[in-house]
There are 2 protein chains.
Amino acid sequence: MGLGTTSAYDVFALPLPERSLISRIGVASANRPTAGSLKAGRLPRTSRVVTGIGDDCAVLRVPTGHELLVTTDFSLEGVHFRREWHPPESIGHRCLVRGLSDIAAMGGEPIAAFLSLALPRKLPQRWVDRFMKGLLELARQFGVTLAGGDTAQSPTGILADIVVLGSVPKSKAVLRSGARPGDRIYVTGALGGSAAVLNLLFSRRKKLPPKRFPAHFFPVPRVQQGRALRAKGMASSMIDISDGLSTDLNHICEESGVGAEIWADAIPRASVGRPPKPVELDLALHGGDDYELLFTVRPGLRVPSQISGVPITCIGKITRRKQVSLISKAGARSRLEPSGWEHFRHQ
Amino acid sequence: MGLGTTSAYDVFALPLPERSLISRIGVASANRPTAGSLKAGRLPRTSRVVTGIGDDCAVLRVPTGHELLVTTDFSLEGVHFRREWHPPESIGHRCLVRGLSDIAAMGGEPIAAFLSLALPRKLPQRWVDRFMKGLLELARQFGVTLAGGDTAQSPTGILADIVVLGSVPKSKAVLRSGARPGDRIYVTGALGGSAAVLNLLFSRRKKLPPKRFPAHFFPVPRVQQGRALRAKGMASSMIDISDGLSTDLNHICEESGVGAEIWADAIPRASVGRPPKPVELDLALHGGDDYELLFTVRPGLRVPSQISGVPITCIGKITRRKQVSLISKAGARSRLEPSGWEHFRHQ
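Calculation rules
What you see as residue numbers is a count from 1 along each chain, following the sequence as written. In the order they appear in the text, chains get letters beginning with A and ligands get numbers beginning with 1. Under the rules for a predicted model, residues below a pLDDT of 70 receive no local features and side-chain atom pairs below 80 are neither given nor counted, while totals for whole chains, interfaces and linings still include all residues. Side-chain descriptors were evaluated using all non-hydrogen atoms of the structure, hydrogens and water having been removed beforehand. Any two rings among Phe, Tyr and Trp, with Trp reduced to its six-membered ring, count as a pair given centres within 6.5 Å; such a pair is stacked if its planes are under 30 degrees apart, edge-to-face if over 60, and tilted if neither. Working definition: helices are DSSP H or I runs of at least four residues, strands are E runs of at least two. Numbering for both runs from the N terminus. When a residue's accessible area, from a 1.4 Å probe over protein chains only, is under 20% of the maximum for its type it is buried; when over 50% it is exposed; and in between it is partly exposed. Each pair of strands is called paired provided DSSP finds at least two bridges between the two strands. Helix axes use the C-alpha atoms of the stretch in contact, all axes being lines fitted to C-alpha atoms, and the angles between their N-to-C directions lie in the range 0 to 180 degrees. Orientation labels follow simple angle bins: below 35 degrees gives roughly parallel, above 145 gives roughly antiparallel, 65 to 115 gives roughly perpendicular, and whatever is left gives oblique. Note: crossing handedness is left-handed where the near helix turns anticlockwise from the far helix by less than a right angle, and right-handed where it turns clockwise. Pairs of residues are marked as contacts when any of their non-hydrogen atoms sit within 4.5 Å. A helix's residues, less one, multiplied by 1.5 Å, set its expected span. Patches in this entry comprise residues that are over 30% relatively accessible and not in a salt bridge; like charges within 9 Å are linked, as are nonpolar side chains (Val, Leu, Ile, Met, Phe, Trp, Tyr) within 5 Å. For every accessible area listed, the method is Shrake-Rupley and the probe measures 1.4 Å; residues are considered covered only by the protein chains on display. Within this document, salt bridges are pairs made up of a side-chain nitrogen of Lys or Arg and a carboxyl oxygen of Asp or Glu, the two lying within 4 Å of each other. The positive count covers Lys and Arg only, the negative count covers Asp and Glu only, and His and the chain ends enter neither. Think of each charge as sitting on NZ of Lys, CZ of Arg, CG of Asp or CD of Glu. Note: pLDDT gives the predictor's confidence per residue, expressed from 0 to 100.

**Examining the packing of aromatic side chains**
For step 1, the next point in the chain: Going through the model one piece at a time under the given rule, you end up with six aromatic pairs over all chains.
For step 2, the next point in the chain: Each ring, one from Trp85(A) and one from Phe202(A), has its centre 5.0 Å from the other, and the planes form 90°; the classification is edge-to-face. Of the two residues, Trp85(A) sits in the loop between strand 3 (66-76) and helix 2 (88-105) while Phe202(A) sits in helix 4 (residues 193-204), which places them 117 residues apart along the sequence. Pair check on accessibility: Trp85(A) and Phe202(A) agree, each one buried.
For step 3, the next point in the chain: Consider the rings of Tyr186(B) and Phe295(B), whose centres lie 5.5 Å apart with planes at 15°: the pair is stacked. A residue pair is termed long-range when its members are at least 10 positions apart, and Tyr186(B) in strand 7 (residues 184-188) and Phe295(B) in strand 12 (residues 292-297) qualify at 109 residues.

Listed below in structure tokens is the structure:
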């Protein structure tokens, strides 16, 4: 008699036996990266995974002269997504984006992902298939192998935890702590789009067509941009905007022991809706979930206006004074408090 | 206005702000490995973690000539533990054991752990502290650095996902697929102890003194034994017994394309209770959660009777015929069905 057959643990009547779910995930992830994701002379990512799903551990090879990057992120129903608003493909996509974006923020190259997935008893298999489809399509785009994970029955709600491993040339990871007074502050893309869509979801309390609102449902992690900024030695510090510009800029300032001023007028705001309208400044400042990169550059270095089609915008500068300020169009200075997404917030 | 302040996501009134939980975990994990865990000439494990908690990713160094091992395991309230039966230290300990045991089963060396922890709104901080204490004490014993993770509020129940990274000399990981007909089958330690304690918990429906039942509350992962077996080139295949002997032996047989026969009389059974009594054969065969190692050895190789104080016992042999059989003391043969722990069981 195993643990699985004793009463308190006997809660495992589920869509699929664990092993067939694992093998299904395994089969799905065996897809090779698309030709487009492989650059000449680069080791195919799949050959870095020596043993994937089906043993006690996955076995991976880190390229010679490289360090390993590791990031883990929860995606919990009711916290990070809602089943009634987010199609399963979007949830799977967004689950992996969180990890890829962290790798991008170090200037790294993603190698493999590990998915721990706990599912409620009555979830249709179709939901799992669509979730995996969303996750694996993004994985394929970025040449990432799904190399393992864990499955369990969830007491309530869908619980996913994604681990992404990446690599970066030794001592070249771009940290949050490298900003210095005088550095310019840049962002990729445009901000506030995802939060604006979330506001629409809340106010209308119904589904939105996901393809019309990709900033929220299918954000693109800035892996190529992060890698290029690191390879060119351009970024002195970097972070991805997952919690909101105000919060993430504060992380950089705290870790670097500096302050910053941000020019309200310069912040690129996302456009949302039909016809597209730029989002409110507040959303661009504090809306999380954008997955754009925020980085600093030493003064005098020339920064391209776009990288791989994504605009790069200067929005402020790092200061010696340890405070983060917002400068209005008229020149008024106000303190920019971190007020983006933070779990475990005291109320 | 960030995602954290919009209503459906605004569920974050919790014991501690996320960042202070992270920094508390960070401080706690900064403890160096004890002198005893460092062998002469081996790189201190902490120096393999270049950047830990506090950036987008952790940065790790994998020793030259080594491959990386990765394993992830859920520990979910009501599935893997019960708050009313398991003290927080035991839950933290067992959470990490699951990962360390997987590293042991590859013959690897653990390097770092990553903890994703979602906690219900009203959980006392004291619970979290005691959970972390149990986890970090075990980490320290094995020279493992807690290098990152994620935190969130859980809709219900405590949800933990542990990732353990390890290393193993290139191409030397001991897989499940290496067993060949004629190989002898061995186990470390004794089986069924954890499941017997679980039975006691179910039948008495009250707490048991954890220190008197360490097999269940504080199992020891067989890292030293797994490493020694790999280093001596002794194990042709290996797995840890987390799901029960019958299930885990089946994994080895399936992955190796072989069968096995197990001698009922030879199986070392744990002793539980006061006075200690050997557990029923059924528990030794199918009870999961033992975290002993199950491995195979080519015929003719001499296997020590113990490694680092843990007994090693021969319990059967690998057969060409693809069936797993149990041979009774009287010589009767019966089919040994895998009936240990399996999530997602059809009922």
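Moving on, there is more to tell.
**Observations concerning the sheet that holds strand 1 (residues 49-51) of chain B**
For step 1, the next point in the chain: The sheet built from six strands is open, its strands ordered 5(A)-4(A)-6(A)-3(A)-2(B)-1(B) with mixed pairing. Single-partner strands in this sheet number two, and they are strand 5 (145-153) of chain A together with strand 1 of chain B. Mean inter-strand twist for the sheet, computed between neighbouring axes without regard to direction, equals 25°.
For step 2, the next point in the chain: As judged from the eight bridges shared by strand 4 (residues 109-119) of chain A and strand 5 of chain A, these two strands associate in the parallel manner. Bridging across to strand 5 of chain A, Phe114(A) finds its partner in Gly148(A).

**Observations regarding the pairing of strand 3 of chain A**
All names here are of chain A.
For step 1, the next point in the chain: Here strand 3 lies mainly inside the structure; 10 of its 11 residues are buried.
For step 2, the next point in the chain: The pairing of strand 3 with strand 6 (residues 159-169) spans 11 bridges and is classified as antiparallel. Pairing of Glu-67 across the sheet is with Val-168, part of strand 6.

**What about the packing of helix 2 of chain A against helix 3 (residues 125-141) of chain A?**
Residues and elements named next belong to chain A.
For step 1, the next point in the chain: Axis separation between helix 2 and helix 3 bottoms out at 6 Å; the angle between their running directions is 40°. What the angle tells us is that helix 2 and helix 3 run oblique. The handedness of the crossing between helix 2 and helix 3 is right-handed. Only Trp-127, Arg-130, Phe-131, Gly-134, Leu-135, Leu-138 and Ala-139 of helix 3 make contact with helix 2, whose side of the interface consists of Pro-88, Glu-89, Ile-91, Gly-92, His-93, Cys-95, Leu-96, Val-97 and Leu-100.

**Some thoughts on the sheet that holds strand 3 (residues 66-76) of chain B**
For step 1, the next point in the chain: Spatial strand order, 1(A)-2(A)-3(B)-6(B)-4(B)-5(B): six strands in an open sheet with mixed pairing. The open sheet has two edge strands with one neighbour each: strand 1 (49-51) of chain A together with strand 5 (145-153) of chain B. Pairs of neighbouring strands in the sheet enclose a mean axial angle of 25°, with direction left out of account.
For step 2, the next point in the chain: In this sheet, strand 6 (residues 159-169) of chain B lies alongside strand 4 (residues 109-119) of chain B in antiparallel orientation, the contact comprising nine bridges. Across the sheet, Ala118(B) pairs through a bridge with Leu159(B), a residue of strand 6 of chain B.

**Things to note about helix 2 (residues 88-105) of chain B**
Residue and element names in this part refer to chain B.
For step 1, the next point in the chain: The terminal C-alpha atoms of helix 2, which comprises 18 residues, lie 26 Å apart, in line with the 26 Å expected from a rise of 1.5 Å per residue.
For step 2, the next point in the chain: Most of helix 2 is tucked away, with 18 of its 18 residues classed as buried.
For step 3, the next point in the chain: Where helix 2 ends, the next residue or the one after it, Gly-107, has phi of about 75°, a positive value.

**Quick notes on a positive patch on the surface**
For step 1, the next point in the chain: Among the surface-exposed residues, Arg204(A), Lys206(A), Arg212(A) and Arg274(A) lie close enough to one another that they form a single positively charged patch.
For step 2, the next point in the chain: For Arg212(A), a relative accessible area of 43% puts it in the partly exposed group.

**Focus on the confidence of the model for chain A**
All names here are of chain A.
For step 1, the next point in the chain: With 84% of its residues at a pLDDT of at least 70, chain A reaches an overall mean of 85.
For step 2, the next point in the chain: Between residues 1-19, whose pLDDT stays under 50, and residues either more than four places distant or in other chains, the model counts 84 contacts.
For step 3, the next point in the chain: Scored below 50 in pLDDT, residues 342-347 shows 37 contacts in the model against residues more than four places distant or in partner chains.
For step 4, the next point in the chain: With a pTM of 0.87, the predicted complex shows an ipTM of 0.85.

**Describing unusual backbone geometry**
For step 1, the next point in the chain: For the bond running from Arg274(A) to Pro275(A), omega is 0°, close enough to zero to count as cis.
For step 2, the next point in the chain: Relative to the elements of secondary structure, Pro275(A) occurs in the loop between strand 10 (271-272) and strand 11 (277-278).
For step 3, the next point in the chain: Backbone geometry places Ser171(A), a non-glycine residue, at a positive phi of 65°.
For step 4, the next point in the chain: Looking at the secondary structure, you find Ser171(A) in the loop between strand 6 and strand 7 (184-188).
For step 5, the next point in the chain: According to the relative accessible area criterion, Ser171(A) is exposed, its value standing at 57%.
For step 6, the next point in the chain: Residues other than glycine seldom take positive phi values, yet Tyr291(B) does so here, at roughly 60°.
For step 7, the next point in the chain: For Tyr291(B), the position within the fold is in the loop between helix 8 (281-286) and strand 12.

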